[in-house]
Each structure stands twice: as C-alpha cells, then as structure tokens.
Amino acid sequence: MDLGVRWKLHGDGRTPAPGAVVRPDERLSWPRTVGLGAQHVVAMFGASFVAPVLMGLDPNLAIMMSGVATVIFLLATRGRVPSYLGCSLSFVGVAAVIRAQGGTSATVTGAVLVVGVALFLVGLAVQRFGARIIHAAMPPIVTGAVVMLIGFNLAPVTASTYWPQDQWTALLVMLFTGLAVVCLRGFWSRIAIFLGLVFGYGVSWAFDRAFGRIHSMDGSGKVTDHWRLDLSGVGRADWIGLPSFHGPSFQWSAILVALPVVIALVAENAGHVKAVGEMTGDPLDDKLGTAISADGVASVLSTAVGGPPNTTYSENIGVMAATRVYSTAAYWAAAGFALLFGVCPKFGAVVAAIPGGVLGGITVILYGMIGLLGAQIWTNARVDLRNPLNLVPAAAGIIIGVGNVSMKFTSSFSLSGIALGTLVVITGYHTLRAFAPAHLKGREPLLDEGTSSYDESAERTGRAES
C-alpha cells in the first residue's frame, strides 16, 4: 500500500530548477528538507500556540498533538495533500462560551470531540456523494455568515479580558502586528503573529524595567499590582516531560455551542485543498472528502486526551508558495519537531507566560481576521447581498451570534450566540428559499469552485458505476 512516504530526489537536491516546483512526492536533500520542516513549524507558531492559551488548554499538549494530527493527515491522503494541522482558532469563541457557562477544560474538549466526529462523518459523505452535498446544505451565503459570526462573537473576549490587562502594550502590539502583516514580504509576513508575540514579550519586559508593576486586571480578572511578564513558571518547569492529559466530559449545552464550527472547518479544508491543488498542478477534488475525514479523526484523537482540535493551516501554504517546495517530507520533519517541543515543559511555560496585554493586541487582529474570512467566502463566490434571500438570514444570524442573543426553551435548555445564530442562518435560508419566488433563487454558487469543479460526464459515469 502506498502511504506517500517515499520521495524522489528533486534535481541536485539543493534548489528547485528555474520555473519548477518540488512536488509532494519529491524532496530536496535531507538537511534542506529538515530545515524546511523547521520553517513550517515557525510559520504555525503564532496561531497554534495562541489558540490553546486562549482556550485554556495545555500548549505543550497542543503542539504535540498537532504533530500527531499532521502524521495522520499525511497518511490518510497518501502524501498527495501537503499540509500542517495545527490548533484551530475557530473554537476559541466556543471555548469562551462554554467556560462562561461554568464548563471545565474537560467540557470544552468533550464538546469539540463531538465536532470532530461530525467532521469525520461529513468527510465520509463527501467521499460517497461528492462535494455537492456540502453546497446543497451550506451554500456560500450560509458558510460565510457562520464563519463571520464565529469570529466577531469573540470581540467581547478581547475587550473585557485581554485588552484591559495592559492597554498600552496591547496597542503597540496591535500596531506592530498590523505593520508586519502588511509591510513584510513572503515568509516573514506569514509569521506576523509570531513576530507580534516576540515584540510583545520585549515591550512587556521593557515596561516592567522602566515603570515597575502595573495596577490592572490579571489573568484571573482581579485588579492587582503585578508584573506584565512573569517568567517564574519557566524557571520551575522541567526540560523534558510529558504534557498534562485529561479525558473529555460531555454536556449537551456545550456540544450545541460547538457544533456550528463544523461549517467553518469544512470551508477551511475546502479552501486548503483548492489552493494546494492549484499550486501543485494536481487536481485534488477526489481528496476533499479524505482531507475532511482525516481532519476529523485527528481532532477526535487530540481532544480525547485533552488537547485542542486541529485544522489545516494557511500559514504553511504561504511557506510553500514562497519556497516552491511542496514536498510532504518537509511536513514529516515538521511533525517530528512538534513532537519534540511537546515533551519540553519549559517551552510550554514560555508560551503560557504570554502577557495579557500582548494577547489583547494580537486578538484584536486575529479575531477580526477570522470574522472577515466569512466576507472573503462571499466575495470569492460572488454572493449577491442585494438579494433578500441572501441578505435576511445572514443579517439576522450574524446579529444574533455577535450580540449573544439567547432563547430559553425550558428551564434547563436554551440556545444563544454562535449556536442560535448558526441555526437561524441555516434554517432561515433554506426555509425562505422554499417559499421565495423563482427570480430570487437563481443558481447557487459553489462554496469553492476550484475545490469542487464538476465534470458532469464523470458524475454520470460515477452514478452508473454505483
């Protein structure tokens, strides 16, 4: 069985030939391949370490399980889809809502585990029936609205939790990160979040030396005099050791809050498969269902031991585009580095010590970018927001999601925020479409035409064979 773990040497093994690319089944020399693997790890540093901290989960376990998830993904796709799987930011808002309802880390990971199972089932359905099943249930107007409300629902977390801890550091980090995203080129722009974290560490250390302790909220929400950058935990941490594991706990209220994120994960995977297929010149439509299922399995495994869910990372697409190296061997090397970082508690302590003000500046940009990915889905699919069939359910769902509107059904069951907003968008769109006049319906655009291009003759042949 071909598992995609054999690679041909590309050219002289040093650099891609002019105009050529290193394909997924090729590699450069092993020292260069290992170096590229390290570069991929750095590219995902920012988001993959910030996300578990924001979710209240162990960053060491997160990075370890991201390595395991990447291995699972590469084996499942037989090495045809080069990708790194890191902690998904789409769940940060879900974790915040669950914890606000009194949930623990086990409740968070239990709810997300169910999402992983749902994602796996969606992948199986796509493999069996084709990607049209996704577009029928979740056209771009629905997907974009759900992604948007998930991102913007996080705004109060930044405003009330992180920014007040150190507003001036937050402001400087926000400005620096924004400049890094816009002004830097190539690989450096792809690690702008990581650079923002490093800059924030430096600013916090300098402010502590110059101004002493700050009188503000700390991470627990209490107003005290405290150091901006507290590295005492780093000194106590061991160099080698296993991260902390815990089992999941399942509560229906938490599961219902988390389930809408399936839509965002499907959109992320579809966009990733499209981008990689276009860059490598290898149509990957047949691997979309496999990629989604593999993501689901990896997330189930991670959350089963107390880690965060995982998803494909666009940061690493940028590294491939800049280097023209799409070798999956580099991703195996990256997974190896992630496993090594995962068994270094001192490294996790450094991540856990990120000052609240630094997170305030980072999350202002990060959460907004998550929300605006929804608008990008609309733009790419040319969704017409002048059409009331699109406008009404999206507008209602987004306001409900962002404003945390709540509906109480019984004394023990209610829906609010992300869960209620998603339900309104999906059911509202399909209900209105059933009653809308013909001239408003038109032809629905695909979620991602590049990912799901259809050959009608091939589709008829497939039906005949089945």
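Everything numeric here is computed off the predicted structure, so don't read it as measured data.

## Focus on the overall build of the protein chain
Here comes step 1: Scanning the protein chain from terminus to terminus reveals 22 helices and eight strands.
Here comes step 2: Its C-alpha atoms give the protein chain a radius of gyration of 22 Å, near enough to 23 Å, the size a compact globule of 466 residues would have.
Here comes step 3: In terms of overall dimensions, the protein chain has C-alpha extents of about 70 × 65 × 40 Å along its principal axes.
Here comes step 4: By residue count, 53% of the 466 residues in the protein chain fall in the buried class.

## Considerations on the packing of aromatic side chains
Here comes step 1: Scanning all chains against the criterion turns up four aromatic pairs.
Here comes step 2: Considering the side-chain rings of Phe-176 and Phe-199, the 4.2 Å spacing of their centres and the 5° angle between planes classify their relative orientation as stacked. Here Phe-176, found in helix H8 (residues 167–183), pairs with Phe-199, found in helix H10 (residues 192–211); they are 23 residues apart in sequence, far enough to count as distant.
Here comes step 3: Residue classification places Phe-199 among the partly exposed residues on the basis of a relative accessible area of 27%.

## Considering H10
Here comes step 1: The terminal C-alpha atoms of H10, which comprises 20 residues, lie 27 Å apart, in line with the 28 Å expected from a rise of 1.5 Å per residue.
Here comes step 2: Within the span of H10, buried status applies to Ala-192, Ile-193, Leu-195, Gly-196, Leu-197, Gly-200, Tyr-201, Val-203, Ser-204, Phe-207 and Asp-208.
Here comes step 3: A positive phi of about 80° marks Gly-212, the residue just after H10.

## A look at a nonpolar patch on the surface
Here comes step 1: On the surface, a nonpolar cluster with roughly 300 Å² of combined accessible area is contributed by Leu-385, Leu-391, Val-392 and Leu-432.
Here comes step 2: Within the secondary structure layout, Val-392 lies in helix H19 (residues 388–403).
Here comes step 3: The class of Val-392 is partly exposed, set by a relative accessible area of 45%.

Criteria and thresholds
- Residues numbered from 1 in each chain as written.
- Predicted model: local features only at pLDDT ≥ 70, side-chain atom pairs only at ≥ 80, totals over all residues.
- Heavy atoms only, no water.
- Helix = DSSP H or I, 4+ residues; strand = E, 2+ residues; numbered from the N terminus.
- Rg over C-alpha atoms; globule rule 2.2 N^0.38 Å.
- Buried < 20%, exposed > 50% of the residue type's maximum accessible area, 1.4 Å probe, protein only.
- Phe/Tyr/Trp six-rings, centres within 6.5 Å; stacked < 30°, edge-to-face > 60°.
- Expected span 1.5 Å × (residues − 1).
- Patch = residues over 30% accessible without salt bridge, like charges linked within 9 Å, V, L, I, M, F, W, Y side chains within 5 Å.
- Areas by Shrake-Rupley, 256 points an atom, 1.4 Å probe, with all protein chains shown as cover.
- Salt bridge = Lys/Arg side-chain N within 4 Å of Asp/Glu carboxyl O.

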